[in-house]
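Architecture and fold: a report
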Amino acid sequence: MMNARTDWTEANLGDLTGKVAIVTGANSGLGLETSRALLKAGAHVVMTMRSEAKAASTAAALTAELDGASLETMLLDLADLESVRRFSEMFHGKHSRLDLLINNAGIMMTDAQLTIDGFESQLGTNHLGHFALTGHLLDLIRATPGARVVSLSSVAHRWGFMEFGDLMFLNGSYTPRAAYGRSKLANLLFAYELQRLFDTAGVDAISVAAHPGTAGTGLADHLFNRWYLRPLKPLVFLGIQTPKQGARPSLRAATDPLAKGGDFFGPGGRKEYRGAPVLVESNAASHSEVDARKLWVESERLTGVNYESLRTSTK
């Protein structure tokens, strides 16, 4: 069985001609490598970025590198719900299908700050932005047979805990590590609950999750800005995966024909830090249906994006 493979690479993507994909946070790191692989396999890839300058330079570089690649760039800031809404409107104006939504973008262990909508920034960007984006695109996902939603989590979900009385750490308990862990746990609670809702509504789509292990993407570079931590940077990043390697779990989640709704892919090596992408298991907290439903209700309230259509069974 393909899911038993421990040597999976981009060569196993297959022919994606005719598929339409969205990759969030596609200007660098995992998003760029995910987009590059999908483009090489023939997909039309909508690469989202926060700035016009990055969009232009990334598109120019990939067009020069990949002759005939079918790509477009669109602006999207997941920390701004109005930007998410505008992106959805633009995408609907250009496309009538969505085969792959890869919710890749994120921020990691930042200092305490709020999004434009007043959300704690890591939960707001990593979870709520993607929750709103997926909801805005739900009609196209439902209209595309075999569509997939891929949510990018992290081994850091094991640090996470849900405290619904203070979801945004407004009581002074904020730490970059705790907030990041919560956002990555939220990604998995979302992915698993979305699959349950797909099943209830009889939707021909699956929700899957992935994590990259450790990869040198630049996402954590800001953690070494303090002078006393700079000497540790070469040691911390010694031997970790490249962005290309780190993107493989997302790519397998997006394309493995034997993947099932609710599957979770990550590196198969020690502690899931590196290695070829395989099926892995998330912690017990991520499988709490009670927490998943609480988070869903709160996410709908906070974002104003409603998934009501998935609560009515069409079976």
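The structure displayed is predicted, hence computed values, not measured ones.

Thresholds, definitions, all that
- Residues numbered from 1 in each chain as written.
- Predicted model: local features only at pLDDT ≥ 70, side-chain atom pairs only at ≥ 80, totals over all residues.
- Heavy atoms only, no water.
- Phe/Tyr/Trp six-rings, centres within 6.5 Å; stacked < 30°, edge-to-face > 60°.
- Buried < 20%, exposed > 50% of the residue type's maximum accessible area, 1.4 Å probe, protein only.
- Lys NZ or Arg CZ within 6 Å of the ring centre and 35° of its normal.
- Core = buried A, V, L, I, M, F, W, Y, C linked by side-chain atoms within 4.5 Å.
- Helix = DSSP H or I, 4+ residues; strand = E, 2+ residues; numbered from the N terminus.
- Contact = heavy atoms within 4.5 Å.

Okay, the packing of aromatic side chains next. Given two aromatic rings, their pairing is described by the distance between the two centres and the angle made by the two planes. Tallying each qualifying case throughout the model produces nine aromatic pairs. Note on Phe 169 and Tyr 174: the rings are 5.8 Å apart at their centroids and 85 degrees apart in plane angle, and the pair reads as edge-to-face. The buried category is assigned to Phe 169, whose relative accessible area is 5%. Members of the aromatic cluster, connected to one another through ring pairs, are Phe 131, Phe 190, Trp 296 and Tyr 307. Of note, Arg 177 hangs over the ring of Trp 159, and the distance from its end group to the ring centre comes to 4.0 Å. For Arg 182, the ring lying beneath its charged end belongs to Phe 169, and the centroid distance is 4.0 Å.

For the rest of this paragraph, the subject is the nonpolar core. Side chains of a nonpolar character, in soluble globular proteins, are inclined to be buried together. If you look at the biggest cluster of nonpolar residues, it comprises 44 residues, and the most contacted ones within it are Phe 87, Phe 91, Phe 198, Tyr 307 and Leu 310. Broken down by secondary-structure element, the contributors of at least two residues to this core are β1 (20-23), α3 (81-94), α4 (121-136), α5 (138-143), β5 (147-152), α6 (176-201) and α10 (289-303). Sequence-distant contacts of Leu 310, that is, excluding residues within four places in its chain, are made with Leu 138, Arg 142, Leu 194, Leu 197, Phe 198, Thr 200, Ala 201 and Val 203. Counting residues in each nonpolar core, the second largest holds 35 residues, with Leu 30, Val 45, Leu 100 and Ile 102 among its members.

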